[in-house]
Amino acid sequence: MNTRKGMFTQVWIVICLCLPLGSISANEHSLASSNKPLTQAQLADVQALYTQPATTEALSALAQQLNLQLDTRGQFIQQRHLQVLKKPLLSQGQFIFSPTQGLVWQQLRPFSTLMVLKDQQLIQQNSQGKVQQLNAMASGSPIAQQVPRLLQAIMAGNIAALSADFTLFMPANYNAGTPWQLGLQAKDPQLRASMGNITLSGDTLLRSLIITSSQADISDYTQIQFLDAQQGPLSTTELELFSLGSESNQ
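Source: prediction; values computed, not measured.

What to know about the pattern of salt bridges
Inspection of every chain in the model, using the stated rule, returns two salt bridges. In this structure, the salt-bridge partner of E238 is R73, at a minimum N-O distance of 2.8 Å. On the criterion of sequence distance, the pair formed by E238 in helix α10 (residues 236-241) and R73 in strand β1 (residues 72-81) is long-range, its members being 165 residues apart. Given a relative accessible area of 15%, R73 falls into the buried group.

Structural data, given as structure tokens:
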């Protein structure tokens, strides 16, 4: 079996599930200490969302509300909650999303890693500085070829693109212009098994992403919060991050 094929199929796991086997103590960073696990009531609300198919009217209103077509940067806190662990696995860092350039995911704690997703390429730099490049088209896997496009659609809030690959869910009481919640469930069974249910929430920007199992038990989940988001043209330093791995191709 082609190992690159298997690795790229798991690109979503790289971002959302492949966290270090450790955690940041609360006193290492004020952002980390401000996060609390979801309550049982909140988890129940997430689960209930997937009984409420989104209407065309609600999706149209949400598409008009979102303002995700500009370059955006900010911080993220990512928590992986597992029943077998007393404390969540925690990582944090910064992200850059550009509709034209792609996505930069730079983990800063508990150790530094860098991931760049652009076009059909995933470039990763580990904490030792080693760079690895994976190409979705070369993987030979239809799912691997889908994932980069789906991830960009999620970050951009591209409702039309998401509708093609996901069944969408929204609360029946959503009112245009108010905070929103959008549930994504992949139509492809293999992709759904890998991703689970993806719950997005925000206002004019994406503020939170929660990944739960598509099964009945959702006690294990991953939560990503997007903080201090700012929009505007990318700086020279930010643009250089998208060039990760270019030197090795020359």
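Things to note about unusual backbone geometry
Across the junction of R109 and P110, the peptide omega takes the value 10 degrees, indicating a cis bond. On the secondary structure map, P110 appears in the loop between β3 (102-109) and β4 (113-118). Notably, D228 is not glycine yet its phi reads approximately 50 degrees, a positive angle. In this fold, D228 is placed in strand β11 (residues 221-231).

What to know about the packing of aromatic side chains
In this structure the tally under the stated criterion is four aromatic pairs. Seen in terms of ring centroids, Y50 and F169 are 5.2 Å apart; in terms of plane orientation they differ by 55 degrees. Their pairing is tilted. With Y50 in the loop between α4 (40-49) and α5 (56-65) and F169 in strand β7 (residues 166-169), this residue pair connects regions lying 119 residues apart in the sequence. One exposure class covers both Y50 and F169, and it is buried. When the centroid spacing of 4.1 Å and the interplanar angle of 15 degrees are considered together, the rings of F76 and W105 count as stacked. Of this pair, F76 sits in strand β1 while W105 sits in strand β3, and the two are 29 residues apart along the sequence. The pair formed by F76 and W105 is uniform in burial state, with each residue classed as buried.

Describing the nonpolar core
Counting residues in each nonpolar core, the largest one holds 40 residues, and the members touching the most others are F166, L182, L184, L200 and F226. Not counting residues up to four positions away in its chain, the partners in contact with L200 are I154, W180, Q181, L182, L184, L206, S208 and L209. Among the nonpolar cores identified, the runner-up in size contains nine residues, and L38, L43, F169 and Y221 belong to it.

Rules and cut-offs
- Residues numbered from 1 in each chain as written.
- Predicted model: local features only at pLDDT ≥ 70, side-chain atom pairs only at ≥ 80, totals over all residues.
- Heavy atoms only, no water.
- Salt bridge = Lys/Arg side-chain N within 4 Å of Asp/Glu carboxyl O.
- Helix = DSSP H or I, 4+ residues; strand = E, 2+ residues; numbered from the N terminus.
- Buried < 20%, exposed > 50% of the residue type's maximum accessible area, 1.4 Å probe, protein only.
- Phe/Tyr/Trp six-rings, centres within 6.5 Å; stacked < 30°, edge-to-face > 60°.
- Core = buried A, V, L, I, M, F, W, Y, C linked by side-chain atoms within 4.5 Å.
- Contact = heavy atoms within 4.5 Å.

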